[in-house]
Amino acid sequence: MLKDWKPPKHGEKSQVKAELKELREHLLGLQQPLREKGLPVIVLVEGWAAAGKGSLINELIRELDPRFFNVVSPASLPENEDRYPFLYRYAKEIPENGKIMFYDSGWMEGAVRRYLRREITVKQYKAYIRSAVEFERQLRDGGYLVLKLFLHIDQEEQRKRICELKENYETEWRVTEEDIWQHREYKIFQMAYDDFMERTNKPLPWHILDGSKKRPAALEALRLLVKTIERGLEKGRYVGDPFQADFPLIPMPPLSSVDLSPALEDEEYKRELKKLQDRLEALHNTIYRRRIPVVLCYEGWDAAGKGGNIRRVATPLDPRGVDVIPIASPEPHELNRQYLWRFWTRLPRTGHITIFDRTWYGRVMVERLEGYCTEKDWKRAYNEINEFERQLTDWGAVVLKFWIQIDQDTQLARFTDRQNTPEKQWKLTEEDWRNREKWPQYEEAVDEMLQKTSTENAPWYIIESNDKKYARIKALRIIVKALERAVEEHPAKGL
């Protein structure tokens, strides 16, 4: 792309200036329809150091209402964010419906620099590219308008600009050692940028701008942004079609065939519980030192025993290194973003454990059955969730997913016990009773979910929970075994 790119011819200065003014005013006028239709916009501005990315963004936002746009520079975010997945710093910044987000550099710059600094392997770099494609497609399919710009200058122009910045006391701070390194290795960076753009040019195309001409570049960017928004307003919110990618799946039995008779006597339960919790406590120290992130996901029937199971897992863990996240109905600011956003923002740092009490699988269960999303949305979600979880395991996370299974008679007995026990009544809601009436529909949805999302890298485990003691021990055994395997695969340095 860059190697074949030729700078376009630009109009007269007066013509450029007049059209810039007209487009800025037009863009301002588009903000209100954007808000009314709830269309979120992402403008990714990538490019060479000293190419003028900041100046370009200033040109784009000059006339906009500042209440409805933000500018973020992920490259300057805190270093501890390197302890999260590659896309975390970008995914957590996506805008709410009706707002515009400008990224001053983003996932291309992040991937290319890490690769050329040899901080990641070729395999990891390819995984970054795949993640970027998936991320962009998920945003588009979720109704986001995404515009990708690259501000291009040649090596000589970059040298002049870097020298000008360094010679001025007020601007010399803007030139970093990395900028100088990029200029020195211009051809290598150009090949890397070219490679990344070619691999990520679909489904959302890149637009290369002539960074050597400030105002013509701003004019072209404004044209593209206005065109993108107008097209979105004309066609309405885009909803992507579902498709199933080729993930290695583990066959799962239908819930109706699961034997729920396993049980444990009190003495065996107490003995196993202590042994497994002691082992889990020791493993927590090890995964913290080796910076292995852990994501535990709990789903299951109401009154199946998720809370008690989670409590037995969390009790032996250092509270400074574990978070238990109960997932309820999304808040308005969460509903106004792509549905995975509220989970991206709750992921653990490396070495920490996050336990989700209900998860992103609400998309293919309650949201599906209660009509909170379209059929296309929930059918597309199987693949999106598999991609999301693969990004977590590519990062190095241990991802375990538990479905806590009981039968209808056991659920009714537990509901009745809660209803008749004052200190437990808060656990039982009218929604629980309504969901119980839809047991067959939920069972069908769960069976499909298990079949389509139990991947080799993030498998589902059905936990038989008619006997809560048996369920707790089974989950603990699975967790301990998975963490022991992760520790073996991540030996301490020097060993």
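To be clear, the structure that these remarks concern was listed above.
Basis of the calculations
Residues numbered from 1 in each chain as written. Predicted model: local features only at pLDDT ≥ 70, side-chain atom pairs only at ≥ 80, totals over all residues. Heavy atoms only, no water. Buried < 20%, exposed > 50% of the residue type's maximum accessible area, 1.4 Å probe, protein only. Helix = DSSP H or I, 4+ residues; strand = E, 2+ residues; numbered from the N terminus. Pairing = 2+ DSSP bridges. Axes fitted to C-alpha atoms, helices over the stretch in contact; angles between N-to-C directions. Contact = heavy atoms within 4.5 Å. Salt bridge = Lys/Arg side-chain N within 4 Å of Asp/Glu carboxyl O.

Caption draft 1: Expanded view of the pairing of strand S1 (residues 41-47). The buried fraction of S1 amounts to seven of the seven residues, a majority that puts the element mostly inside the structure. The side-chain alternation of S1 yields two buried faces, one formed by Val41, Val43, Val45 and Gly47 and the other by Ile42, Leu44 and Glu46. One ladder, built from five bridges, connects S1 with strand S3 (residues 100-104); its direction is parallel. Residue pairing for S3: Val41 is matched across the bridge by Ile100. Direction of pairing for S1 relative to strand S4 (residues 145-152): parallel, over a ladder of seven bridges. When the sheet's bridge partners are listed, Gly47 is paired in S4 with Leu151.

Caption draft 2: Examining the sheet that holds strand S5 (residues 206-210) more closely. On the basis of which strands lie adjacent, the open sheet formed by five strands has the order S2-S3-S1-S4-S5 and parallel pairing. Either end of the sheet is taken by a strand with one partner, and the two such strands are strand S2 (69-72) and S5. The sheet shows a mean angle of 20 degrees between the axes of neighbouring strands, direction not considered. Across the face of the sheet, helix H4 (residues 107-116) comes into contact with S1, S3, S4 and S5 while running at roughly 35 degrees to S1. Contacts from helix H9 (residues 214-235) reach S1, S3, S4 and S5 within the one sheet, and its direction differs from that of S4 by about 170 degrees.

Caption draft 3: Layout of the pattern of salt bridges. By the definition in use, this model includes 47 salt bridges. The salt bridge partner of Arg113 is Asp179, with a shortest N-O separation of 3.9 Å. With a gap of 66 residues between them, Arg113 in helix H4 and Asp179 in helix H7 (residues 177-184) connect regions that are remote in the sequence. In this structure, Arg113 and Asp179 share a single accessibility class: buried.

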